[in-house]
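Inside the fold
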Amino acid sequence: MSGTTASVGLLLCAYMVVAKVNFCAENHLPEANSSSSLQFTKELSAWEYAVDSKFKSLHCCAKGYLSIEWFKDGRPYPWPGDVSSFILYPESANQTVYTNKLRTSDAGNYTCKIHNYTDQHEHNTELRVFDQASGYMETPLATYRPPEETLAAIGSVSRLFCEAFVGHIDLPDAASEVKWGKKGNTTFEAPHIEVILVQRENEIVGKYLVINNVDSSDFGTYYCTISNTGDQKIVMETTLKPLNDDVSSCPGYCHLSLIFIVISTPVVFILAYYILKSIINQRFWGKMNEYNPFKQNNSKKVGVVVLYHEYDHDFVEGNLRATANADGSVYLFLQKLKHDVPIAEETVNLCSRIGKMVIVMSKNLSPIWTLPAIQETLDKIIIPDKIVSLILLEELPEPMTYPKLVMVNHSDPLLWSKLKKSYSVPIKKARYTQNRLSLTSLTGSRIVEVHV
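All of these numbers come straight from a predicted model, not from anything done at the bench. (Residues numbered from 1 in each chain as written. Predicted model: local features only at pLDDT ≥ 70, side-chain atom pairs only at ≥ 80, totals over all residues. Heavy atoms only, no water.)

Following the criterion strictly, the structure yields three disulfides and no others. At a sulfur-sulfur separation of 1.9 Å, the disulfide partner of Cys-162 is Cys-224. On the sign convention where negative means left-handed, the S-S torsion of about 60° between Cys-162 and Cys-224 marks this disulfide as right-handed. One end of the pair, Cys-162, is in strand E13 (residues 158-165); the other, Cys-224, is in strand E17 (residues 220-229), and 62 residues separate them in sequence. Judged by its relative accessible area of 0%, Cys-162 falls in the buried class. (Disulfide = S-S within 2.5 Å. Helix = DSSP H or I, 4+ residues; strand = E, 2+ residues; numbered from the N terminus. Buried < 20%, exposed > 50% of the residue type's maximum accessible area, 1.4 Å probe, protein only.)

Turning next to the environment of Glu-395. For Glu-395, the location among the structural elements is in the loop between strand E22 (387-392) and strand E23 (405-409). Overall, Glu-395 belongs to the exposed group, its relative accessible area being 61%. Distance in space between the C-alpha atoms of Glu-395 and Ser-362 is 9.0 Å, their sequence separation being 33 residues. Other than its neighbours up to four places away in sequence, Glu-395 contacts Trp-369 and Asn-409. Reaching out from Glu-395, the side chain makes a polar contact with the side chain of Asn-409 at a distance of 3.2 Å. (Contact = heavy atoms within 4.5 Å. Polar contact = N/O pair within 3.5 Å; in protein donor to acceptor, adjacent residues only side chain to side chain.)

Let's shift gears to a nonpolar patch on the surface. Together, Val-267, Leu-271, Ile-275 and Ile-279 make up a nonpolar patch on the protein surface, roughly 360 Å² of accessible area in all. Taking relative accessible area as the criterion, Ile-279 reaches 37% and is therefore assigned partly exposed. (Patch = residues over 30% accessible without salt bridge, like charges linked within 9 Å, V, L, I, M, F, W, Y side chains within 5 Å. Areas by Shrake-Rupley, 256 points an atom, 1.4 Å probe, with all protein chains shown as cover. Salt bridge = Lys/Arg side-chain N within 4 Å of Asp/Glu carboxyl O.)

Another point: the pairing of strand E19 (residues 302-309). Of all eight residues making up E19, eight are buried, and the element is well covered by its neighbours. Every second residue of E19 is oriented toward a common face, with Val-302, Val-304, Val-306 and Tyr-308 on one face and Gly-303, Val-305, Leu-307 and His-309 on the other, all of them buried. Relative to strand E20 (residues 330-337), E19 is paired through eight bridges, and the arrangement is parallel. What sits directly across from Val-305, in E20, is Phe-333. As a crossover connection, the stretch from E19 through helix H3 (residues 313-327) into E20 is right-handed. Sheet topology note: the E19/strand E21 (residues 356-361) ladder contains three bridges and is parallel. (Pairing = 2+ DSSP bridges. Right-handed = clockwise from strand over helix to strand, strands pointing away.)

Turning our eyes to something else, we now look at unusual backbone geometry. Look at the link from Tyr-77 to Pro-78: it is a cis peptide, with omega at 5°. Mapped onto the secondary structure, Pro-78 falls in the loop between strand E6 (75-76) and strand E7 (87-88). If you check the backbone angles, Glu-201 has positive phi at about 55° while not being a glycine. Inspection of the secondary structure puts Glu-201 in the loop between strand E15 (193-200) and strand E16 (204-211). Here Asn-202, not a glycine, exhibits a phi torsion of approximately 65°, which is positive.

At a closest axis distance of 11 Å, the pairing of H3 and helix H6 (residues 415-422) adopts a crossing angle of 70°. Of the possible angle classes, the one that applies to H3 and H6 is roughly perpendicular. Crossing of H3 against H6: the hand is right-handed. Along its contact with H3, which presents Leu-320, Thr-323, Ala-324 and Asp-327, the element H6 presents Trp-416, Leu-419 and Lys-420. (Axes fitted to C-alpha atoms, helices over the stretch in contact; angles between N-to-C directions. Parallel < 35°, antiparallel > 145°, perpendicular 65-115°, else oblique. Left-handed = near helix turned anticlockwise from the far one by under 90°.)

Moving on to the side chain of Lys-420. Topologically, Lys-420 is positioned in helix H6. The buried category is assigned to Lys-420, whose relative accessible area is 3%. Of the polar contacts made by the side chain of Lys-420, one reaches the side chain of Asp-327; its length is 2.7 Å.

So this is what it looks like as structure tokens:
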């Protein structure tokens, strides 16, 4: 009896796995049914969320391919157990990877690449894992957001889609809900509009809005609302626009616009010709002016790789890159990092080729802000025998000594000149008896005076 019970349990388990991972066999995009070329056949999620110890699957729904490759954080499948517990589901033609018991170490960036003889496409999904004890009981998290604009031709089929992770709320009256709406309309009672509810793994819900035989009245802004409870919701919008203008249905003012375009086109070309000619002349005389003794001499730019956590993007983009652009002698290669995610191989190769690195250190890159943890983070990033500088966005918990490492605080008014000095970049100076200009540092303080 016990053997029979165990067999039935295994069969039920197998049935559940098949049901969950056969995701790619249904709800294909309308255009996917009319073409056999290499393509993705469904709206694929950019983000995935799940709770530790539960079943989880990731999908790469496609057609027209000869092979599918899977990667986690740049590492090709198969993965060792300490990298990921996901395995391929062969019955889905390798379009799906899954795990029966998710682990926190499974979190990361998953990439699938599809190939045929001539083409290749890839899709990236970021997986985040929540602790089983706390679960997730907050605002829904979008797994797929519709684009800001969706184009459709008159008479075609258009499909809008939204989806979110809603987690589990252990309350008697809690219920998840997905609604599509259109600005200016309260209902979708037209017979050519269809709404399809979908659910994955009991914690992800979404809804398709299918518009058959699109007509001009269907164009406009649509919004999707996904909620856990009345006050926990997410709203996503997309605007349905015509793919191209139908001249036969164009009203009178539209024809006037077309006539204006036809008449004005030669004028635009003539103006463009003279503007281009002016630009070429300015560049020519600009080259001649390089020999002016009062101009700074041009020197070849020095390349520097900047490694930083994605959450510090505003500092790097708004301050470091802006200062480098103003200075003109340094070119920055910006490379985003994530905590506890290995550096991509292409980033390592870039650092090896350039030979000069700047690490922007913050609590985003090293969440445990202790000296041993910071040094461990640096050990994982720094490539031996390269010139490395460290910009500190936070005060160190205690003094730190690291071999051959130049450390500069982000508020140091001489930050930029110290960085350039560490890379042996000359600070340009030229003298003239009149107007004096200053190159500002990251904090607005004057660090290099250039007299022109």
